[in-house]
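Residue strings, one per chain:
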Amino acid sequence: MLFSFTAPILFAQNIPEKHKNLVISDGTYFVPKEYFPGFSWQTTPMYYMFGDTDSLLAPHEAEFIAKRTNFLTIEKSHGFKPLGAAELGAKHEVAVFKKIRPETKVLFYFNSAYVWPFTSYTQKMVPEKINDYPELKNLLLIDPKTGELAYKDGNTRHVYLWDVLNPECRKWWVNTVVKGVDESGADGAFIDQMHGHFWLREDKKEEVHKAQGELIKELKRKLGLNKIVLGNNTTDAIARYAYPAIDANMFEHYSPKLLSKEKLLQDWEDMLRLAKDGKMSIWRIGVNQGPFKEHYITKNDSLSKNERMFLLSKKRIEYHLACFLIGAQPYSFFQYGWGWTLSDGSLYDYPELQKPLGAPKGAYKRIQPDGWEFTREFESAKVWLDTEKGLAKIIWKK
């Protein structure tokens, strides 16, 4: 299955010294933008994203995260209750992380589909206030079936939807995200939900996709060349017009079908495409959505949900990490957990993620042309993966 470690293989020629650990699996090399975070294969490259509506990070929590990553996003509601607005929560944590590790890149969260009312910019966009602000109400999507304001999932009545086909909405949205980045001191923005609710107006689906692209292109332009735009699932066809403007893509695996053997193979191809295009990848695992999890879930009513999920995540870390490492490219980052709140994995320790890894020695190998077993070798680790059976083995160099 796995063989002994061999000498590193340089599979690109005439590589500048500063890029020798940034070889892409096709033999070319990645040239990072000056404003990108630093990248290293020393251990598994990690990205973190979290929010806590009720509180700010304690000093030991910030130190724990800063020790493990130099690239993170402060999620949509962080610090809302203690400070009154999410951009203030982001501002507080940006300063904390910059003090601990000045080179850290911290992103401000904003959603391009849902009007989350956690920032000072959106707090008037709720049912009890919106009618007093017609200029803001004009930015929101009308449900074509009811003629009333549309809201999230048909039942989350306090969360309205942006109307990306409305030029005034796009202008207001872009200016607001730029303001959030500036006021928080962030290094760019994480933009969630790239679909524009196209299913609510199928007859205008292509227009919605193009408008979404214009939205992100204008955001990138107004943020300036030294700010990061990280888009969620921009490799999907529905976000194809937004893809040229992003600096990084998150693969959010929010359902089991997105971790199927076929989809994993597609992810690896997309990670290669992103690297060749000079874009970063965030490969995010939601442990609660992983395949074969029913065989590993601990059934113990005395444990909390997070305790049970942590046990599951420890049992499945080798498999999920192998899925990442098989397709990882320079500037690919791994995120591991089971949700978006601070307690959903960000403060748990996984020793495997701190083990010496080293740069890959080449591209992954598919054992049989139509099979689902894969191998890949790194300087200090050898990876075997079977995505059909949900099995993996990582041998770490002693």
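Residues numbered from 1 in each chain as written. Predicted model: local features only at pLDDT ≥ 70, side-chain atom pairs only at ≥ 80, totals over all residues. Heavy atoms only, no water.

S.K.: Quick rundown of the overall build of the protein chain? Include the residues and the values.
M.R.: Secondary structure assignment for the protein chain yields 8 helices and 15 strands. In terms of its C-alpha atoms, the protein chain occupies a principal-axis envelope of roughly 70 × 55 × 45 Å. Counting only residues that meet the buried cut, the protein chain has 57% of its 398 residues in that class. Within the protein chain, contacts between residues separated by at least 24 positions form 68% of all contacts whose residues are at least 6 apart in sequence. Accessible surface, the protein chain as shown: approximately 17,600 Å² in total, 51% of it carbon and sulfur. (Helix = DSSP H or I, 4+ residues; strand = E, 2+ residues; numbered from the N terminus. Buried < 20%, exposed > 50% of the residue type's maximum accessible area, 1.4 Å probe, protein only. Contact = heavy atoms within 4.5 Å. Areas by Shrake-Rupley, 256 points an atom, 1.4 Å probe, with all protein chains shown as cover.)

S.K.: Provide a residue-level description of the sheet that holds strand β10 (residues 280-286), including the pertinent values.
M.R.: Within a sheet, each strand pairs with its neighbour through backbone hydrogen bonds, oriented either parallel or antiparallel. The parallel open sheet is built from 8 strands, whose spatial order is β1-β2-β3-β7-β8-β9-β10-β11. In this open sheet, the two strands that pair with only one neighbour each are β1 (48-50) and β11 (332-337). The average undirected angle you get between the axes of adjacent strands in this sheet is 20 degrees. Packing against the sheet, helix α3 (residues 86-100) makes contact with β1, β2 (71-74) and β3 (105-111), and its axis sits at approximately 165 degrees to β3. (Pairing = 2+ DSSP bridges. Axes fitted to C-alpha atoms, helices over the stretch in contact; angles between N-to-C directions.)

S.K.: So, the environment of D143: which residues are in play, and what are the values?
M.R.: With respect to the helices and strands, D143 occurs in the loop between α4 (134-137) and β5 (151-152). Sequence separation between D143 and R201 is 58 residues, and the spatial gap between their C-alpha atoms is 9.0 Å. Beyond its immediate chain neighbours, meaning those up to four positions away, D143 contacts E148, L149 and A150. Separated by 2.8 Å, the side chain of D143 and the backbone nitrogen of K145 make a polar contact. (Polar contact = N/O pair within 3.5 Å; in protein donor to acceptor, adjacent residues only side chain to side chain.)

S.K.: Any details on the packing of aromatic side chains? Residues and values, ideally.
M.R.: Summed over the entire model, instances satisfying the criterion amount to 32 aromatic pairs. Both rings, one in F110 and one in W173, keep their centres 6.0 Å apart while their planes meet at 65 degrees; by these two values the pair is edge-to-face. Placement of F110 in strand β3 and of W173 in helix α5 (residues 167-184) is noted, with a sequence separation of 63 residues between them. One exposure class covers both F110 and W173, and it is buried. An aromatic cluster of three or more residues is present, and its members are F30, Y35, F36, F39, W41, Y47, F71, Y331, F333 and F378. Geometry around F64 places R68 over its ring, the cationic atom sitting 3.6 Å from the centre. When the ring centre of Y114 is taken as reference, the NZ or CZ atom of K152 above it lies at 5.2 Å. (Phe/Tyr/Trp six-rings, centres within 6.5 Å; stacked < 30°, edge-to-face > 60°. Lys NZ or Arg CZ within 6 Å of the ring centre and 35° of its normal.)

S.K.: Quick one: what's the story with the pairing of β11, residue by residue and with numbers?
M.R.: Counted residue by residue, β11 has 6 buried out of 6 residues, so it is predominantly covered. Covered by surrounding structure in β11 are S332, F334 and Y336 together with F333, Q335 and G337, the residues of both alternating faces. Taken together, the 6 bridges between β10 and β11 define a ladder with parallel strand orientation. When the sheet's bridge partners are listed, G286 is paired in β11 with G337.

S.K.: Could you give an account of the packing of α5 against helix α6 (residues 205-223), with specific residues and numbers?
M.R.: Look at α5 against α6: their axes get within 9 Å of each other, and the N-to-C directions meet at 40 degrees. Where α5 crosses over α6, the two elements pack in a sense that is right-handed. Mapping the contact onto sequence places R170, W173, V174, N175, V177, V178 and V181 in α5 and A211, E214, L215, I216, E218, L219, K222 and L223 in α6. Per-class residue counts for the contact of α5 with α6 are 10 nonpolar, 1 polar and 4 charged. (Left-handed = near helix turned anticlockwise from the far one by under 90°. Nonpolar A, V, L, I, M, F, W, Y, C, P; charged D, E, K, R; others polar.)

S.K.: Break down the pattern of salt bridges for me, citing the residues and quoting the values.
M.R.: One pass over the full model with this rule turns up 15 salt bridges. With a shortest N-O distance of 2.7 Å, R240 and E206 are connected by a salt bridge. With R240 in the loop between β8 (228-232) and β9 (248-253) and E206 in helix α6, the pair connects residues that are 34 residues apart, well separated along the chain. Residue classification places E206 among the partly exposed residues on the basis of a relative accessible area of 33%. A salt bridge links R221 to E218; its shortest N-O distance comes to 2.7 Å. In this pair, R221 and E218 are both assigned in helix α6, 3 residues apart and thus about one turn of the helix distant. Of the residues examined, R221 reaches a relative accessible area of 57% and is grouped as exposed. (Salt bridge = Lys/Arg side-chain N within 4 Å of Asp/Glu carboxyl O.)

S.K.: How would you summarise the sheet that holds strand β14 (residues 381-386) if you had to cite specific residues and measurements?
M.R.: Pairing is antiparallel in the open sheet, where 4 strands are placed in the order β12-β13-β14-β15. Where the open sheet ends on each side, the last strands, each with one partner, are β12 (365-366) and β15 (391-396). The pairing of strand β13 (residues 373-378) with β14 spans 6 bridges and is antiparallel. Looking at the pairing, F378 lines up with A381 of β14. Contacts from helix α8 (residues 305-327) reach β13, β14 and β15, with the element oriented near 75 degrees to β15.

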